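Below, each chain spelled out in residue letters.
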2 protein chains.
Amino acid sequence: MSGFLGFCNEKNMSLLTDFYELAMCASYFDNKKLELATFDLFIRNMPKNRSYFMFAGLEQVLLFLKNVRFTNEHLVYLKKQGFHSDFLDYLENFRFSGDVWALPEGSIAFQNEPLIRITAPIIEAQIIETFLLNTINLQTMITTKASRIVKVAKGKPVIEFGLRREHGIDAGMKVARCSFIAGCEGTSNVLAGKKYGIPVFGTMAHSFIMSYKQEIDAFRAFTRTFPERTTLLIDTYDEITGLANAILVAKELEKSGYKLGGVRLDSGDLVKTSKKVREKLDNNDLNYVNIFASGDLDEFRIADLLENSARIDCFGVGTKLGTSADRPYINVVYKLCEIMDEKGNFSPIMKLSEGKSTLPGRKQVHRFKDNRGYFDYDIIGLQEENLPGDPLLEKVMEKGELTYDLPSLTVIRKYAKEAFQKLPNKYKILKNAPEYPVRLSQTLENLTRNLTVNLRNKINLPN
Amino acid sequence: MSGFLGFCNEKNMSLLTDFYELAMCASYFDNKKLELATFDLFIRNMPKNRSYFMFAGLEQVLLFLKNVRFTNEHLVYLKKQGFHSDFLDYLENFRFSGDVWALPEGSIAFQNEPLIRITAPIIEAQIIETFLLNTINLQTMITTKASRIVKVAKGKPVIEFGLRREHGIDAGMKVARCSFIAGCEGTSNVLAGKKYGIPVFGTMAHSFIMSYKQEIDAFRAFTRTFPERTTLLIDTYDEITGLANAILVAKELEKSGYKLGGVRLDSGDLVKTSKKVREKLDNNDLNYVNIFASGDLDEFRIADLLENSARIDCFGVGTKLGTSADRPYINVVYKLCEIMDEKGNFSPIMKLSEGKSTLPGRKQVHRFKDNRGYFDYDIIGLQEENLPGDPLLEKVMEKGELTYDLPSLTVIRKYAKEAFQKLPNKYKILKNAPEYPVRLSQTLENLTRNLTVNLRNKINLPN
């Protein structure tokens, strides 16, 4: 009866992996392949209607790397799956001992740029792949989506309301975290509020209204409990009669020295209704009462509402933010880019598969700014190159130990805001934004070309 | 440094809720509103390209209801959020004491049909809303998506491979569970294998091949560790040279008394390549070697591959299954349908909002079959009616205690298979399937009509 969820804890994350990671590692171990290797975690291409990424998830990745272990219970299970006892002995003492370079959370990033770079014995670097991809896919996807929504809301507060449709418990928590990083004012998720210190918000459901004989009884009951700055949901039966009841209650509250916070619209034609509601509120000297809108909102609908001069002061955005509904995944991948040879030198590695080729060597990303400080273009080069732009990847872990002070969520949020301000506006439009220029350094381009020729020769393909 | 995940445990699930649930409950408590109420959990409409749902998630819902508690730590946090101490005292002793009726997991369901029906004191029934929606949304959405994929694969095994792009840790676990319910043969997720007893599968990544100087060295190394029924990934550099190497290794394995299990294709034109690969394998007397395909698959691509006679024996389906990518949410809602009045009688309740109206009263769903035993149509009626079809909702919890033996995952899977077989094929086509008939009983229709008139009169709207 117990354990419906408790197995999703830190202790078990070593097994939250694709079986093939363990199979490959068993074979590496068996074949005494223990050399150092470097892997890049990057996003292969920009999805439709995305022209930048806002990177997030590093904190969870680093805590995973610091804590990943195999328990006896895991080893018993793996033995049953056919793994040899030598390899299981190795796993028993497994620690991640590698070096990690990464972008700070909240950074703006683009296609093909390493977001996290891992150098470690190949077994260690391989075994962690799935967890890293799962974490960065979710968090970077949501942070990016949320930043688009916050941007089009033009300074009006956005609250993340999607818990009921987010994909399970962990997604519910991480969506709240990521939305806050991207500039949302808060979340409806109480546990996320408690865990991350994010402000929590909420109004009332239609059921609350319906549980009373009269709508006004429900409004009065609710403001009795929460007299201060309450928001009343006015569209359960009809927005206009609902508004009349809200106005009545607002006037009653005034007599007791309180102010109604707002009214909420959750259905219907939000442009038309919000204008009507604003007018009636103002005609009743209730210009301090805000209009809060929700119901199937995303960046496209909010842009549309504001273009049509909807009189909305605050947006509650749920499902379409919390699932990144127009594009519920990003093509984040984790690819081998160099490996140590017998002599102890690193050899660059690349992959040729059609449409899935990769960049070889240990890389760094350099960002170049224009004379007003805006991002102009990036160059991906080799770590050893001395390129003039700002290097984006920072060392965050050395020999398995954190060398980086994990910033607070507020610091990450501020960093994200500043980074986003430096991205030129043309990349922030919702559809058909131009592609931000990401180039290769001459050295990396030459290396890629030479390796391609070598590989094609080796397998007798035309160059 | 600790706690990057540990807070996502059973103990904390009471706070995994929208703030407004707690606010409404505080107000109910304050206003001494403690009467019994009934809520329906249902899906408002069929999403595009869906013509049925396969219901899942009940086990997690019931375990949540059995275990939901507020700890001292929660109460301290809620106090800071402005909740009164009387209400916090109530929460300290909170137990769910209601009755629950539900469909068994694996059931086939349709729009507007109650999937779970809760009768409890209104605070208890309200406070659990968000968790129920979050759980049923994810699991029913994924089970439905997986059943479509399994169906078009026409008996060829489908393995769920999506962990790296599923939305966080809990989604990773539940997608594996739901895919198995819907008929997938297994998952790549090792922790799901361990937790749920689902078979786990995996081959190798391109990085494994690339870490060796020659592809054939990688194949030999891998089969040294796993000589039995191994699958080799052949498209790292070029499928045809990869296949030649795989054939070499298969012949070497034969000499040692082993058989190669399969070759895997992960990119390129799968129709063309799989035919070429099949031919070469057969020409080398390797007709026992299977062809395993992966890479951006979903029900539409698999249908297309099989229509074009691709020679594929097994499908690995990842991202698009694990995120239900074409539709990453369902419109699952939780609505009040009756409440007890002062005299102890239940009054039916409904909501009128434009496009969001609900059905009043305590309901049951009856399924009518044709003379061959196939599902013909459903009628939603009131619980008290004696309709001839099979009633779908079963009592699973009484006064907060389970009255239902939670079936094993294998039993649920079998139940789902049998239910799906009774759904006529016309509802299983991928696009533009007809709408399955869901009607209201005469009694429910009359009740709905009368209540609508009453409500409209009350708020002076035209009927």
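Since the model is a prediction, treat every value here as computed from it, not as a measurement.

**Looking at the overall build of chain A**
- When you go through chain A residue by residue, the secondary structure sums to 16 helices and 19 strands.
- Judged by the C-alpha coordinates and their principal axes, chain A covers about 85 × 60 × 40 Å.
- Looking at chain A residue by residue over its 463 residues, the buried ones come to 54%.
- By sequence separation, contacts in chain A at least 24 residues apart represent 71% of the contacts at least 6 residues apart.

**Things to note about the relation of the copies chain A and chain B**
- Relative to chain B, chain A is turned by 180° and slid 0.0 Å along the rotation axis, the superposed coordinates differing by an RMSD of 0.0 Å. In symmetry terms, the pair is related by a two-fold rotation axis.
- Comparing interface residues between copies, 100% of those in chain A also lie at the interface in chain B; the contact surface is shared.

**With respect to the sheet that holds strand β16 (residues 390-391) of chain B**
All names here are of chain B.
- With mixed pairing, the 4 strands of this open sheet are ordered in space as β16-β14-β15-β19. On the outer flanks of this sheet lie β16 and β19 (438-440), each paired with one strand and no other.
- The pairing of strand β14 (residues 363-369) with β16 spans 2 bridges and is antiparallel. Across the sheet, residue R367 finds its bridge partner in β16, namely D390.
- The strands touched by helix α16 (residues 442-458) are β14, β15 (375-382) and β19; relative to β15, the strand with the most contacts, the crossing angle is about 50°.

**Some points on helix α7 (residues 168-181) of chain A**
Residue and element names in this part refer to chain A.
- The first and last C-alpha atoms of α7 sit 20 Å apart over 14 residues, in line with the 20 Å expected at 1.5 Å per residue.
- Of all 14 residues in α7, 14 are buried, a share of seventy percent or more.
- A positive backbone phi angle near 115° is found at G183, which sits one or two residues after α7.

**Here's the deal with the interface of chain A and chain B**
- Taken together, the contact between chain A and chain B spans 94 residues of the former and 94 residues of the latter.
- It is helix α1 (residues 19-30) of chain A that provides the largest number of residues to the side of chain A that touches chain B, a total of 8 residues.
- Residue classes in the side of chain A that touches chain B are distributed as 45 nonpolar, 31 polar and 18 charged.

**Quick notes on the domain arrangement of chain A**
Residue and element names in this part refer to chain A.
- Along its sequence, chain A is carved into domain 1 (10-138 + 329-458) and domain 2 (143-322).
- Listed as interface residues are 15 residues of domain 1 and, on the opposing side, 19 residues of domain 2.
- Looking at the side of domain 1 that touches domain 2, the elements with two or more residues in it are β2 (53-54) and α15 (409-421).
- With 6 residues, the single largest contributor to the side of domain 1 that touches domain 2 is α15.
- A breakdown of the residues in the side of domain 1 that touches domain 2 according to their chemical character gives 9 nonpolar, 1 polar and 5 charged.

**With respect to the nonpolar core**
- Among the nonpolar cores identified, the biggest contains 290 residues, and A246 of chain A together with A246 of chain B are the most heavily contacted of them.
- In this structure, A246 of chain A is in contact with F219, L232, I234, L260 and V263 of chain A, ignoring residues within four places of it in sequence.

**A short note on the sheet that holds strand β15 (residues 375-382) of chain A**
All names here are of chain A.
- If you walk across this open sheet you meet the 4 strands as β16-β14-β15-β19, and the pairing is mixed. Of all strands in the sheet, those with a lone pairing partner are β16 (390-391) and β19 (438-440), marking the two edges.
- In the sheet, β15 pairs with β19 via 3 bridges, with the strands oriented parallel. Bridge pairing links D378 to V438 in β19.
- Set on the sheet, helix α16 (residues 442-458) makes contact with β14 (363-369), β15 and β19; between it and β15 the angle comes to about 50°.

**Let's talk about the packing of helix α6 (residues 129-152) of chain B against helix α7 (residues 168-181) of chain B**
All names here are of chain B.
- Where α6 meets α7, the closest approach of the two axes is 8 Å, and the angle between their N-to-C directions is 45°. Our classification of the angle between α6 and α7 gives oblique. Read as a crossing pair, α6 and α7 show a hand that is right-handed. Note on element contacts: α7 touches α6 through A171, K174, V175, C178, S179 and I181, opposite L138, Q139, I142, T143 and A146.

**Some thoughts on the environment of Q81 of chain B**
- Its location among the elements puts Q81 of chain B in the loop between α3 (72-80) and α4 (85-92).
- The spacing of Q81 of chain B and F19 of chain B is 62 residues in sequence and 9.8 Å in space, taken between C-alpha atoms.

**Re the confidence of the model for chain A**
- Mean pLDDT for chain A: 95, with 98% of residues reaching 70 or above.
- Here the complex is predicted with pTM 0.97, and the ipTM for its interfaces comes to 0.97.

**Things to note about the pairing of strand β11 (residues 314-317) of chain B**
All names here are of chain B.
- Neither face of β11 is left uncovered, since the one carrying C314 and G316 and the one carrying F315 and V317 both have all their residues buried.
- Sheet topology places strand β6 (residues 158-160) next to β11; 3 bridges connect them, and they run parallel. Residue pairing for β11: V158 is matched across the bridge by F315.
- Pairing of strand β10 (residues 290-293) with β11, which is carried by 2 bridges, proceeds in the parallel orientation. Among the inter-strand pairings, A293 is bridged to a residue of β11, identified as F315.

**Focus: the packing of helix α3 (residues 72-80) of chain A against helix α4 (residues 85-92) of chain A**
Residues and elements named next belong to chain A.
- Where α3 meets α4, the closest approach of the two axes is 10 Å, and the angle between their N-to-C directions is 160°. The angle between α3 and α4 places the two elements in the roughly antiparallel class. As α3 packs across α4, the resulting crossing turns out to be right-handed. On the side of α3, the interface is formed by L75, L78 and K79, while α4 contributes L88, L91 and E92.
- In terms of residue class, the contact of α3 with α4 is built from 4 nonpolar, no polar and 2 charged.

**Quick word on unusual backbone geometry**
- With phi around 65°, D296 of chain A is a residue other than glycine that occupies positive phi space.
- Classification of D296 of chain A by C-beta neighbours within 10 Å gives partly exposed; the count is 14.

**A short note on the pairing of β14 of chain A**
Residues and elements named next belong to chain A.
- Among the 7 residues of β14, 5 are classified as buried, and the element is accordingly described as predominantly covered.
- Bridge count for β14 against β15 is 7 bridges, and the pairing is antiparallel. What sits directly across from F368, in β15, is Y377.
- Between the end of β14 and the start of β15, which pair antiparallel, lie 5 residues, with G373 showing a positive phi angle near 90°.

**Quick notes on the environment of G344 of chain B**
- Take G344 of chain B: it is sitting in the loop between β12 (332-340) and β13 (346-348).
- The sequence separation of G344 of chain B and L62 of chain B amounts to 282 residues, and the corresponding C-alpha distance is 27 Å.

Parameters and conventions
Residues numbered from 1 in each chain as written. Chains lettered and ligands numbered in written order. Predicted model: local features only at pLDDT ≥ 70, side-chain atom pairs only at ≥ 80, totals over all residues. Helix = DSSP H or I, 4+ residues; strand = E, 2+ residues; numbered from the N terminus. Buried ≥ 20, exposed ≤ 12 C-beta atoms within 10 Å, placed from the backbone. Contact = placed C-beta atoms within 7 Å. Least-squares fit on C-alpha atoms with pLDDT ≥ 70 in both. Pairing = 2+ DSSP bridges. Axes fitted to C-alpha atoms, helices over the stretch in contact; angles between N-to-C directions. Expected span 1.5 Å × (residues − 1). Nonpolar A, V, L, I, M, F, W, Y, C, P; charged D, E, K, R; others polar. Domains from an automatic or database assignment. Core = buried A, V, L, I, M, F, W, Y, C linked by C-beta atoms within 7 Å. Parallel < 35°, antiparallel > 145°, perpendicular 65-115°, else oblique. Left-handed = near helix turned anticlockwise from the far one by under 90°. pLDDT = per-residue confidence, 0-100.

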